[in-house]
Amino acid sequence: MQKINLETIFKNSLDICKDIQSNVELKKINNQLLKIIFLCSGLYGLTMGFSHSWQQSLSSLFKVPILYLLTLFICIPTLHFAGLFLGSRISFFQSIAILLLGIASNAAFLLGFTTIVIFFLLTGSSYKFLLLMHVFFFIIGGLVGLISINRSYSFLSSELDDNPKNRKTLLLKIWMLMYMFVGTQMAYILSPFVGKEEQFYLFHNTQRNFYSYVYDLTFDRFEEKELDPKRAEDLVAEKARIAINSIKEKNFIRLATLLGNSGLKIILNSLPSNYLSNSIDPIYTSATLIEAFEKNKEVIIEERDIGDYTVPKMKIKKSFLEIYSEYLYDYPYADKKIIPNFNTFTLGRDHKDKLRSYFPKAIFVEYPNLQDDGRWTALRLIFEPSNDYKNYTLIAIVHDKNSN
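The structure contained in this document is the topic of the report that follows. (Residues numbered from 1 in each chain as written. Predicted model: local features only at pLDDT ≥ 70, side-chain atom pairs only at ≥ 80, totals over all residues. Heavy atoms only, no water.)

Let's shift gears to the overall build of the protein chain. Helix and strand content of the protein chain: 14 helices and 8 strands. When the 404 residues of the protein chain are sorted by exposure, 48% land in the buried category. Put simply, 65% of the contacts in the protein chain that link residues at least 6 apart link residues at least 24 apart. Summing over all exposed atoms, the protein chain offers an accessible surface of approximately 20300 Å²; the carbon and sulfur share of this is 59%. (Helix = DSSP H or I, 4+ residues; strand = E, 2+ residues; numbered from the N terminus. Buried < 20%, exposed > 50% of the residue type's maximum accessible area, 1.4 Å probe, protein only. Contact = heavy atoms within 4.5 Å. Areas by Shrake-Rupley, 256 points an atom, 1.4 Å probe, with all protein chains shown as cover.)

Here's what the structure looks like:
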């Protein structure tokens with residue numbers, strides 16, 4: 001039997017095919033190919049998760065080999081039984097050996113890319129770049145594997161079948177397309193291999209597919225498209241409910257759990273041009289927000305005369321609880337009668353464009369208060385997505401009103 005290792009699967013692939021054809025220790029051939037697949041693809045998977053955590057690295061160590069073998073398990077019955085229908089004499093275990101040889105070639109190529117992956121990880125590449133890089137490497141490895149399968153299957157077909165060329169045209173190329181589509185979707189279901197989420201999780205949701213996800217990521221569609229109100233509501237409704245009730249109950253410990261690394265900005269506003277002018281300083285982290293409430297710390301507010309920008313900013317000092325009662329919760333916004341609006345403003349509609357210019361990726365949640373005399377106030381919660389758009393954190397609270 002031909003010795004099988006990382007070099008011979010390329011140098012002596014024809015000799016391996018001859019062993020497969022003659023059924024020489026076929027079980028041993030398959031076992032050795034499986035070892036190469038697990039070793040090479042597993043090591044590549046291990047490097048994929050380094051940018052996230054040891055849990056991600058460990059899961060990817062197993063996920064990449066499982067990706068190949070599950071795809072093989074799903075697709076090989078189609079290849080074998082369609083071949084039998086067309087008169088192929090290649091046995092089931094010979095078909096397995098041919099496919100494992102192709103996957104082993106694929107895995108060996110992936111192993112060769114591991115040093116490049118580590119280099120880009122160490123140089124601080126973004127999630128988007130890393131993901132597209134891995135997709136590119138998988139495409140190269142997949143093409144190598146399919147070329148190997150085509151070559152091996154053609155050889156066995158020429159030796160065992162009466163009309164090999166017809167089989168190759170009608171069966172193998174169609175099967176390769178099917179194998180590619182199943183494999184890419186399987187990769188999407190098993191992902192994230194790279195991992196950019198704040199928390200580790202094993203499996204992806206299956207509401208989308210691999211091709212639409214990569215297309216959106218490549219052309220930044222995640223970043224450019226404002227979510228429609230229904231989709232925005234689905235993503236942050238529960239967090240908005242927790243936030244508004246936490247504000248009502250002065251439960252700033254619970255409110256702090258909704259904040260991300262960027263902290264919380266509280267904005268007191270009256271005109272669209274005034275956004276970020278009347279701001280409470282500084283931006284609060286989870287710890288400083290809780291401390292400001294518990295110690296009723298003094299807050300500095302900067303105000304500017306909108307009618308005359310030559311007038312210097314005025315600084316007003318108020319306690320945190322004064323800010324809370326006068327601005328943050330000056331109306332029962334958490335009342336069940338008030339229906340929140342998601343990415344839609346019913347009051348001060350012209351304010352939305354200005355707010356969007358400061359928070360282009362965010363979801364806005366409006367709690368409106370329209371009075372009989374035409375005056376109005378609104379409390380707006382601003383939720384911003386993580387880099388992978390899987391999690392939203394509260395980054396700003398805007399107290400908005402008209403100037404009447």
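What follows covers helix H10 (residues 229-248). With 20 residues, H10 should cover 28 Å at 1.5 Å per step; its first-to-last C-alpha distance of 24 Å lies more than 12% under that length. Maximal helix bending in H10 amounts to about 60°, located at Val236. What H10 keeps buried is the set Ala232, Val236, Ala240, Ala243, Ile244, Asn245, Ser246 and Ile247. At its buried positions, H10 is contacted by helix H11 (252-256), helix H13 (320-328), strand E5 (341-342), strand E6 (363-370), strand E7 (376-385) and strand E8 (392-401). Looking at the residues trailing H10, positive phi occurs at Lys250, about 55°. (Expected span 1.5 Å × (residues − 1). Bend = angle between axes of the 7 residues up to and from the residue.)

In this section: the environment of Asn23. Structurally, the position occupied by Asn23 is in the loop between helix H2 (13-21) and helix H3 (26-48). Accessibility expressed as a relative area gives 44% for Asn23, which makes it partly exposed. Each C-alpha atom, one on Asn23 and one on Ser91, is 9.6 Å from the other, the two residues being 68 residues apart in sequence.

This structure, assessed with the given rule, holds 11 salt bridges. A salt bridge links Glu25 to Lys28, with the shortest nitrogen-to-oxygen separation between them at 3.9 Å. Note on Lys28: relative accessible area 41%, which makes it partly exposed. Measuring nitrogen to oxygen at the nearest pair gives 3.4 Å for the salt bridge that ties Lys297 to Glu291. (Salt bridge = Lys/Arg side-chain N within 4 Å of Asp/Glu carboxyl O.)

Moving on: a nonpolar patch on the surface. Taken together, Trp54, Leu58, Phe62, Ile66 and Leu70 make up a surface patch of nonpolar side chains, about 520 Å² in accessible area. Structurally, Trp54 is set in helix H4 (residues 54-85). The exposure class assigned to Trp54 is exposed, which follows from its relative accessible area of 63%. (Patch = residues over 30% accessible without salt bridge, like charges linked within 9 Å, V, L, I, M, F, W, Y side chains within 5 Å.)

The final tally for this structure, using the stated rule, is 16 aromatic pairs. Taking 4.1 Å as the distance between ring centres and 0° as the angle between the ring planes, the aromatic pair formed by Phe113 and Phe137 counts as stacked. One end of the pair, Phe113, is in helix H5 (residues 92-122); the other, Phe137, is in helix H6 (residues 127-160), and 24 residues separate them in sequence. For Phe137, a relative accessible area of 6% corresponds to the buried category. An angle of 45° between the planes, with centres 6.1 Å apart, marks the rings of Phe136 and Phe137 as tilted. Relative accessible area serves as the criterion here: at 48%, Phe136 is assigned to the partly exposed category. (Phe/Tyr/Trp six-rings, centres within 6.5 Å; stacked < 30°, edge-to-face > 60°.)

Moving on: the environment of Ile9. By the secondary structure assignment, Ile9 is in helix H1 (residues 8-11). The class of Ile9 is buried, set by a relative accessible area of 1%. Through-space distance from the C-alpha of Ile9 to that of Leu33 is 8.9 Å; in sequence the pair is 24 residues apart.

Our next topic: the nonpolar core. By size, the foremost hydrophobic cluster in this structure holds 51 residues, and its most contacted members are Ile9, Leu33, Tyr44, Phe138 and Trp175. Those elements that place two or more of their residues in this core are H2, H3, H4, H5, H6 and helix H7 (164-190). Among the elements that make up this core, the one with the highest residue count is H5 (14 residues). With residues near it in sequence (within four places) discarded, Leu33 still touches Ile4, Ile9, Ala97, Leu100, Leu101 and Ala104. (Core = buried A, V, L, I, M, F, W, Y, C linked by side-chain atoms within 4.5 Å.)

What follows deals with the pairing of E7. With respect to burial, E7 is a largely interior element, 9 of its 10 residues being buried. Judged from the 8 bridges that link them, E6 and E7 form a sheet pairing that is antiparallel. Paired with Ile363 across the two strands is Phe383, which belongs to E7. Hairpin connection, E6 to E7: the antiparallel pair is bridged by 5 residues, and Gly374 has positive phi, about 95°. Alignment of E7 against E8, held across 9 bridges, turns out to be antiparallel. Each bridged residue has a counterpart across the sheet, and for Glu384 the counterpart in E8 is Thr393. (Pairing = 2+ DSSP bridges.)

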